[in-house]
There are 2 protein chains.
Amino acid sequence: MAAPERAARVRVPDRVPSLLTDLYQFTMAYGYWSARRHEEPAAFELFFRSNPFQGGFALFCGLRECTRFLGGFRLSEEEVRYLRSALPPDTHPDFFSYLRRLDCSGVTVRAVPEGSAAFARVPLMEVSGPLAVVQLLESSLLCLVNYASLVCTNAARFRLAAGPKLQLLEMGLRRAQGPDGSLTASLCAYIGGFNLTTNVQAGYLFGIPLAGTIGHSYITSFSSLEEAEPCRLPPAAGPGPPVDLVSLSRASLSRVCHLLAEDRAKVREGELAAFVSYAAAYPSNFLPVIDSYSMASGLLSFCAVALSLCELGYKPRGVRLDSGDLCRQSVEVRRVFRTCAEGFGKPDFLSLSIVGTNNISECNLEELSETIDAVGVGTHLVTCTLQPSLGCVYKLVEVAGRPTMKVTEDPEKSTMPGRKGLYRLLDARGHPALDLLCVRDEPPPREGVELRCHLLGQERNPISVTPAHVVSLWRDVFVQGQPRPSLPTVPGTITTPDSVASAAQL
Amino acid sequence: MAAPERAARVRVPDRVPSLLTDLYQFTMAYGYWSARRHEEPAAFELFFRSNPFQGGFALFCGLRECTRFLGGFRLSEEEVRYLRSALPPDTHPDFFSYLRRLDCSGVTVRAVPEGSAAFARVPLMEVSGPLAVVQLLESSLLCLVNYASLVCTNAARFRLAAGPKLQLLEMGLRRAQGPDGSLTASLCAYIGGFNLTTNVQAGYLFGIPLAGTIGHSYITSFSSLEEAEPCRLPPAAGPGPPVDLVSLSRASLSRVCHLLAEDRAKVREGELAAFVSYAAAYPSNFLPVIDSYSMASGLLSFCAVALSLCELGYKPRGVRLDSGDLCRQSVEVRRVFRTCAEGFGKPDFLSLSIVGTNNISECNLEELSETIDAVGVGTHLVTCTLQPSLGCVYKLVEVAGRPTMKVTEDPEKSTMPGRKGLYRLLDARGHPALDLLCVRDEPPPREGVELRCHLLGQERNPISVTPAHVVSLWRDVFVQGQPRPSLPTVPGTITTPDSVASAAQL
């Protein structure tokens, strides 16, 4: 479980309201109550029917929010009064007294650990408790698990496509579904293998490392070098007098244009001024976006200011490319950096970073990892363009000790009855071989002992498997109203970006 | 503006945090501050570059959230302390004192009214104030406008495809990006022309009418008629003794099977029990989902219980179809209802509603409006599958009285410099003809006076237009830190689902 270990400063955000559910849950709860069945013990399973993104796995996320929601589940007097106005007028008044007293003290949840690789039709959670209460929780739990797991899985796929070295920066705030869509995206992308976020609130709440440089508006806010004056910067080391960075950068620009045989007229003076001003503010963190006007202008200005910083003993950090063909441009930028490193005798030009942030998707990521050091991903990550929803469902499997199932004409929509046990079988190298569902009261599979089982969808031909290791996947995460502390990870659980790869080989 | 009039019980939800922004905004603010430019008056425009869904318009939404965010914008001591840890260590300490004092008292926003039809590259909002402050607001405003406008536009497109009569029910809670993604979807879908939501919290917060019946788990929780016993229902009118609804429905089922020449063995007893129990709880709101097992079973059981209710003087409401080919099935269901109406002399069967809720998209909506009375839309509405993000941007157009623009090699990404006036020109019938952008200090267009203007993207060939009416589109919605009360609607603004059609004809 990556999140709890990494997120050192988790604060409790606002409570998820208990009315965040679909009206039909209250209609059903009233039906159970009217039939005096509301206290019958029941169990629901939460699962998805097919792996997202036409892929081989999903990562389970959102569990922490679920247990927090369950812990706080209670309807206030005002909320119940509202429900009285929303339900039909012939609803019996005693039902509202019942709602007013409800909480999750009778509810228990078993779940796979947050961050685990999970597979189609294998339940992520089992929610048990009084029938009417566990019914009411359906929509809220689905809301908290569906998107969290989807975006975490999406992030893991970006990580797989990027390889282990490329730095991945989540920057989807402006494209997400409002404030907590964006915060869920930041957190779950981090769990899924991203390194950084631009979302300051996500850094504040979850302790995710932040990144961010400057945008085009900063560049376009300058029109001439006068606006950057006075702009004096002391040398990085030693007590030397501050140097006028405007004059120094003018001189550096001449040297750069001469070395690269470029025309100084290509340079937009406002852009140069913006770079100078930014470098003066953050001389050790100079990483501007260089394509506000044209690559030619931005690259010359960058090299001039970077050279000035090098002269003063600072180490410029790199450039950001935000438009056009990032792959082609990054090759050109590297070539120019090499020329400058040699021409000026400044090896720091060789270790400059190139960050790309233009419309990056899982599909075009692989080609970038050769020449680019970090990419920022917004839209395609947070809106999950390849599949913008995960279809988790929440199905009743047992009530009053009796297994239940939905048998439909569509076999995909049929459910598996009864409460179960869930085990991950591992081979001798510790790699997951399969996840085994069995009847709850069956003895668990034993290490080194051959067992026969049926692959889902291929029930006619049983297979044999001899697990080297057996891990019980479900943990008690919420027992009779009490959240349990986080539990250690299990093999096959995502702990670092690298391990996503092995999980996905399943 | 549909929202303020309809939403009678708007409560103030949780505050949008002021740190909900991208880190680079603080980096830029520091750059402005270091260059002593942070107080320079500046103006940004917020707009999208192309109409979403390859369509002809968008509806602007999210404005109310924006003004609320601006009104509460302030960084706490703890938030500033966090920023100190997140920004480079050489950031000047006085910058943090400056951040601690920041608010939006110097900020003014002009915007088109919420719910207006809006078009590519025509600014939705102009945000002016001190350069560093209006820069800091960028990401938060984009987050609040982008998804709200996208889902509102999507809802309007569903309404256009559905025609004016079909009831549209938003049910996307479980597929949205968490709690406030779902709440934004409910509110903006309502503004865009939906009639109802299933999201109880959205009803509670915004006063949106709720709908909801029962789900499959209610059906599968019953296995035999004994579970519904005892189940006594008094006649609707008059003081007659309560009737045993189980026995009555058994008898009704025989009559239904006989009339329809169907085999009673097709009926799942648990489903019949669930319907009986639901009907006993809500005899005047009986509208069950009928395809938990098979249409044959569900339809026979429904007719049996509906007939029983009719016998007792109640009016059953209808059925919900949640799988398969909704169009084909609804034709069959209508046929059965007609047969029952005639065969039992119960005309109430003719006015039963059919509600469809299976994977409904804009594309398959039109064919449903013939036989179906209401549809529930989840995934395709709230995730906007056809285009899951709106690409609003926020561009600097003026600083210190000087127009600014971004001129790039990609003409689409170039901006129009300077502060502007924005007018909607209407023809003699009151229909919008075009939206006119002009320089802020130009005299506004006059009614009945011909003017020449350039169509965006076709700058070489000016056109002439003589407006019959002129409406200034931007209203002051936030002036020097103070939100202004809602203003009356303008022509071309969406007020009812019907008027979406005329706006979209533009």
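Residues numbered from 1 in each chain as written. Chains lettered and ligands numbered in written order. Predicted model: local features only at pLDDT ≥ 70, side-chain atom pairs only at ≥ 80, totals over all residues. Heavy atoms only, no water.

Colleague: Break down the pattern of salt bridges for me, citing the residues and quoting the values.
Modeller: Inspection of the entire model under this criterion finds 39 salt bridges over all chains. It is possible to trace a salt-bridge network through shared partners that takes in A:D22, A:E138 and B:R174. (Salt bridge = Lys/Arg side-chain N within 4 Å of Asp/Glu carboxyl O.)

Colleague: Can you tell me about helix α12 (residues 269-281) of chain A, naming the residues and giving the values?
Modeller: The end-to-end C-alpha distance of α12(A) is 18 Å, a good match for the 18 Å that 13 residues give at a rise of 1.5 Å each. Burial analysis of α12(A) places eleven of its 13 residues in the buried class, the great majority of the element. For α12(A), the full list of buried residues reads A:G270, A:E271, A:L272, A:A273, A:A274, A:F275, A:V276, A:S277, A:Y278, A:A279 and A:A281. Packing partners of the buried residues in α12(A) comprise α10 (216-220), β8 (232-233), α11 (245-260) and α13 (295-311) of chain A together with α2 (23-34) of chain B. (Helix = DSSP H or I, 4+ residues; strand = E, 2+ residues; numbered from the N terminus. Expected span 1.5 Å × (residues − 1). Buried < 20%, exposed > 50% of the residue type's maximum accessible area, 1.4 Å probe, protein only. Contact = heavy atoms within 4.5 Å.)

Colleague: A description of the environment of B:Q135 should follow, citing residues and the corresponding values.
Modeller: Along the chain, the position of B:Q135 falls in helix α6 (residues 131-136). Given a relative accessible area of 0%, B:Q135 falls into the buried group. Separated by 106 residues in sequence, B:Q135 and B:A29 have C-alpha atoms that sit 7.0 Å apart. Discounting residues that sit within four places of it in the chain, B:Q135 has contacts with A:S217, A:Y218, B:Q25, B:M28, B:Y32 and B:F44.

Colleague: Would you mind going over the packing of α11(A) against α12(A) in detail, with residue names and values included?
Modeller: Residues and elements named next belong to chain A. It is the contact of α11 with α12, at a shortest axis distance of 10 Å, that shows an interaxial angle of 125 degrees. By the angle class used here, α11 and α12 are oblique. Pair α11 / α12 crosses with right-handed handedness. Between α11 and α12, the contacting residues are L245, V246, S249 and L253 on the first element and L272, V276, A279 and A280 on the second. In the contact of α11 with α12, the residues fall into seven nonpolar, one polar and no charged. (Axes fitted to C-alpha atoms, helices over the stretch in contact; angles between N-to-C directions. Parallel < 35°, antiparallel > 145°, perpendicular 65-115°, else oblique. Left-handed = near helix turned anticlockwise from the far one by under 90°. Nonpolar A, V, L, I, M, F, W, Y, C, P; charged D, E, K, R; others polar.)

Colleague: Which residues make up the sheet that holds strand β6 (residues 167-170) of chain A, and what are the values?
Modeller: All names here are of chain A. Read from one edge of the open sheet, five strands run β7-β6-β12-β11-β10, paired in parallel fashion. Across the chains shown, the open sheet's two edge strands, defined by having one partner strand only, are β7 (196-197) and β10 (318-321). Pairing between β6 and strand β12 (residues 374-377): four bridges, direction parallel. Of the residues in β12, the one forming a bridge with L168 is V375. (Pairing = 2+ DSSP bridges.)

Colleague: Please set out the sheet that holds strand β15 (residues 420-426) of chain B residue by residue, giving values where relevant.
Modeller: Residues and elements named next belong to chain B. Within the open sheet, the three strands sit side by side as β16-β15-β19. Their pairing is antiparallel. Looking at the sheet topology across the chains shown, the edges are occupied by β16 (432-439) and β19 (469-472). Averaged over all pairs of adjacent strands, the angle between their axes in this sheet comes to 25 degrees, without regard to strand direction. The sheet contact formed by β15 and β19 spans four bridges and is antiparallel.

Colleague: Please give an account of the pairing of strand β3 (residues 108-111) of chain B that cites residues and values.
Modeller: Residues and elements named next belong to chain B. Going residue by residue along β3, you find T108 and R110 tucked away on one face and V109 and A111 tucked away on the opposite face as well. In this structure, β3 lies alongside strand β5 (residues 125-130), joined through four bridges in antiparallel fashion. Across the sheet, T108 pairs through a bridge with S128, a residue of β5. Looking at chain direction, β3 and strand β20 (residues 475-479) are connected through three bridges and run antiparallel. From the neighbouring strand, A111 faces β20, where its bridge partner is R475.

Colleague: Give me the domain arrangement of chain A: which residues, what numbers.
Modeller: By domain assignment, chain A separates into domain 1 (2-209 + 386-504) and domain 2 (216-321 + 323-356). Here the C-alpha centroids of domain 1 of chain A and domain 2 of chain A sit 49 Å apart. (Domains from an automatic or database assignment.)

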